[in-house]
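This is what each chain is made of:
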Amino acid sequence: MTEKTDSCFTKGADAVLSIPPNSSIPIAYHPLFGPHNDLLLLELDEKLLPDVINQRVSLRGQPDEDAVLCTQSKTYAIKFVGTSNSVFLVPPSDQFSVNEEGEDPESNAASVLKVAPGTMELVEVAPRIDKLKLLLSENPYIFDEVNEIYDSGLYQWDDLTDRVQASDEELRSALRVLSAVEINGYWRIVDQKYMDRILSMLINNSLLNDWSLNALNEDKVVESLVKDGFSRVIARHCLEVFGSKTNGESVWGLDEKRVCVHFARGILSSFGKMKMESFMEEWVRKVPGGMVVSFEMLEGEVLVEKLGIQSWVYGFSVSSLPSDPANRFSRLFQERSKWDWKDLHPYIRDLSVPGLTSDGLLLKYTRRTQPTANSEPVFTAR
């Protein structure tokens, strides 16, 4: 049996919150009772409370998209969950106040402002990065672009956070993966042919000046490229894309794998499908002296096709594939109806779905067959 307490003489949420166990309080319609569609209940994991309370979250999405909630480092889908129980919203005493003439006569009761049909729940999801690729691919930075006097089709940081459903940290990480660079306040992807031209110029300057590709002085490299007509921003970007710092803040070494993969992409872009022997010969000829190519470098970059006794190779880069798992697997099975594990793995290992392991992704999107215990598994579309 419950009993009424003195707390019922205080209207508002504070009266409800102070009810002792096994006690009750009368309720009544608030004078402003109504649907109040601008008020929604959000159920949160306790770890997210500090971010919400301190306003470190944001809602992101365009009018035609389902909104997501982003913290500084994660993205959450917002799901509505209905409830069969009545959920009463009782505002604090100092909110939604009305004048004395409009006061509810049942002054001892807690005033219910709204009956909520359900709550909004948060589910962590992978950032929706494919749109970022699409936006930045609209207008890549090209060599002939000397004076940028327009901003049509270009995006600043605020434009990207407004359009791309990803947290700030996830967005910055995606920009690094895409090798994007900020030029005059706008984030750009640099045209592949332009990157090839500046890398070739950097290597030529190194040969002319007898610079080691493993110990490049940043200031000297940048100055030489500026004299060749490149901007300082692009010159430094070339070092960041193809190298890493080796000694202090100003000495760089070119990364052998990144440089070799770049030239392999260029060859296959120009020639298309090639015999393996012809491709390897051209690849060895293209890379700088002292660098050693290995076909293992091209995992996730090329596919090999057997035609009779000949092996042919063609470009198929994981970077060109959708980041959404469903679309990724769909694209993969358009390319091949069957995949051996050794070929499939490089094209799915970058997929990250909160709450779902790599084995879970394979179970959800593929069928696995293994003719014998010792044979390699084969994957087909589910």
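Everything here concerns the structure above.
Here the structure is a predicted model, which means the values were calculated and not measured.

S.K.: I would appreciate a short explanation of the overall build of the chain in the present structure.
M.R.: In terms of regular secondary structure, the chain is built from 13 helices and 20 strands. Along the three orthogonal principal directions, the C-alpha set of the chain runs to about 90 × 60 × 40 Å. Taking all 382 residues of the chain together, the buried fraction comes to 38%. Partitioning the intrachain contacts of the chain with sequence separation of at least 6 by distance along the chain shows that 62% fall at a separation of at least 24. Here the chain carries 40 positive and 57 negative side-chain charges, and the mean point of each set is 9 Å from the other.

S.K.: Mind showing me how you'd approach the side chain of Thr 366 here?
M.R.: Examined against the element boundaries, Thr 366 turns out to sit in strand 19 (residues 366–369). For Thr 366, the side chain forms a polar contact with the main-chain oxygen of Leu 362, separated by 2.5 Å. The residues touching Thr 366, leaving out its near neighbours within four places in the chain, are Phe 329, Phe 333, Leu 361, Phe 379, Thr 380 and Arg 382.

S.K.: I keep staring at the sheet that holds strand 5 (residues 58–60) and nothing clicks. Help me out?
M.R.: Two strands in a sheet stick together by hydrogen bonds in their backbones, pointing the same way (parallel) or opposite ways (antiparallel). The 5 strands lie next to each other as 4-9-7-6-5, forming an open sheet whose pairing is mixed. Only two strands of the sheet have a single neighbouring strand rather than two, namely strand 4 (42–43) and strand 5. Two strands pair when backbone bridges link them, and strand 5 and strand 6 (residues 68–70) are joined in this way by 3 bridges, in the antiparallel orientation. In the strand pairing of strand 6, Arg 60 is matched with Val 68.

S.K.: Help me out: how do you make sense of the packing of helix 9 (residues 256–271) against helix 10 (residues 276–286) in this one?
M.R.: When two helices pack together, their arrangement is given by the angle between their axes and by how far apart the axes lie. Interhelical geometry of helix 9 versus helix 10 gives an angle of 130 degrees and a closest axis separation of 10 Å. Accordingly, the angle class assigned to the pair helix 9 and helix 10 is oblique. For helix 9 against helix 10, the interelement crossing comes out right-handed. Contact with helix 9, carried on its side by Cys 260, Phe 263, Ala 264, Ile 267, Leu 268 and Phe 271, involves Phe 279, Glu 282, Trp 283 and Lys 286 of helix 10 and no other residues of that element.

S.K.: Explain helix 13 (residues 358–365) here, please?
M.R.: Helical geometry: 3.6 residues make up each α-helical turn, so side chains three or four residues apart lie on a common side. Those residues of helix 13 that sit buried are Gly 360, Leu 361, Leu 362 and Tyr 365. On the buried face of helix 13, the contacting elements are helix 11 (325–335), helix 12 (341–344), strand 19 and strand 20 (378–381).

S.K.: Just checking my understanding: could you explain the nonpolar core for this structure?
M.R.: Of all hydrophobic cores here, the largest spans 41 residues; its most connected members are Leu 202, Ile 234, Phe 242, Leu 254, Phe 279 and Trp 283. Top element by residues in this core is helix 9. It accounts for 7 residues. If near-sequence neighbours (up to four positions away) are discounted, Phe 242 is found in contact with Met 195, Leu 199, Gly 253, Leu 254, Asp 255, Arg 258, Val 259 and His 262.

S.K.: So what exactly am I meant to see when it comes to unusual backbone geometry here?
M.R.: Of all residues except glycine, most have a negative phi; of all peptide bonds, most are trans. With phi around 65 degrees, Asn 22 is a residue other than glycine that occupies positive phi space. By relative accessible area, which is 65% here, Asn 22 ends up exposed. Phi at Asp 210 is positive, roughly 55 degrees, even though this residue is not glycine. As for its position among the elements, Asp 210 is in the loop between helix 6 (192–208) and strand 12 (216–217).

S.K.: Would you mind showing me how to read the pattern of salt bridges here?
M.R.: Pairs may arise between side chains of opposite charge once their charged atoms sit close together. Enumeration over the complete set of coordinates arrives at 17 salt bridges. Residues Arg 60 and Asp 168 are paired through a salt bridge, measuring 2.8 Å at the closest nitrogen-oxygen approach. With Arg 60 in strand 5 and Asp 168 in helix 5 (residues 168–177), this residue pair connects regions lying 108 residues apart in the sequence. Of the charged contacts in the structure, one is a salt bridge between Arg 331 and Glu 335, with a shortest N-O distance of 3.4 Å. Of this pair, Arg 331 and Glu 335 both sit in helix 11, 4 residues apart, which is roughly one turn of the helix. Three or more residues joined by partner-sharing salt bridges are found here, namely Arg 336, Lys 342 and Asp 343.

S.K.: Even after reading the chapter, I still don't get helix 5, so can you show me in this structure?
M.R.: Of the positions making up helix 5, those classed as buried are Asp 168, Glu 170, Leu 171, Ala 174 and Leu 175. Projected down its long axis, helix 5 carries its buried residues within an arc of 160 degrees, all on one side. Seen from the buried face of helix 5, the exposed residues on the opposite side, beyond 90 degrees, are Arg 176 and Val 177. Those residues of helix 5 that are buried are in contact with strand 5, strand 7 (75–89), helix 3 (130–137), helix 4 (157–163), strand 10 (180–183) and strand 11 (186–189).

S.K.: It is not clear to me how the environment of Asp 168 should be interpreted in this structure. Could you clarify?
M.R.: The buried category is assigned to Asp 168, whose relative accessible area is 13%. Discounting residues that sit within four places of it in the chain, Asp 168 has contacts with Arg 60, Thr 71, Gln 72, Trp 157 and Thr 161. Polar contacts involving the side chain of Asp 168 include one to the side chain of Arg 60, which spans 2.8 Å.

S.K.: Any chance you could explain the sheet that holds strand 14 (residues 251–254) here in plain terms?
M.R.: One open sheet holds the 3 strands; their spatial order is 12-14-13, and the pairing between them is antiparallel. The open sheet is flanked by strand 12 and strand 13 (243–247), the only strands paired with a single partner. Sheet topology places strand 13 next to strand 14; 4 bridges connect them, and they run antiparallel. Pairing of Gly 243 across the sheet is with Leu 254, part of strand 14.

What counts as what
- Residues numbered from 1 in each chain as written.
- Predicted model: local features only at pLDDT ≥ 70, side-chain atom pairs only at ≥ 80, totals over all residues.
- Heavy atoms only, no water.
- Helix = DSSP H or I, 4+ residues; strand = E, 2+ residues; numbered from the N terminus.
- Buried < 20%, exposed > 50% of the residue type's maximum accessible area, 1.4 Å probe, protein only.
- Contact = heavy atoms within 4.5 Å.
- Lys, Arg positive; Asp, Glu negative; His and termini not counted.
- Charge placed at Lys NZ, Arg CZ, Asp CG, Glu CD.
- Polar contact = N/O pair within 3.5 Å; in protein donor to acceptor, adjacent residues only side chain to side chain.
- Pairing = 2+ DSSP bridges.
- Axes fitted to C-alpha atoms, helices over the stretch in contact; angles between N-to-C directions.
- Parallel < 35°, antiparallel > 145°, perpendicular 65-115°, else oblique.
- Left-handed = near helix turned anticlockwise from the far one by under 90°.
- Core = buried A, V, L, I, M, F, W, Y, C linked by side-chain atoms within 4.5 Å.
- Salt bridge = Lys/Arg side-chain N within 4 Å of Asp/Glu carboxyl O.
- Arc of directions from axis to C-beta.

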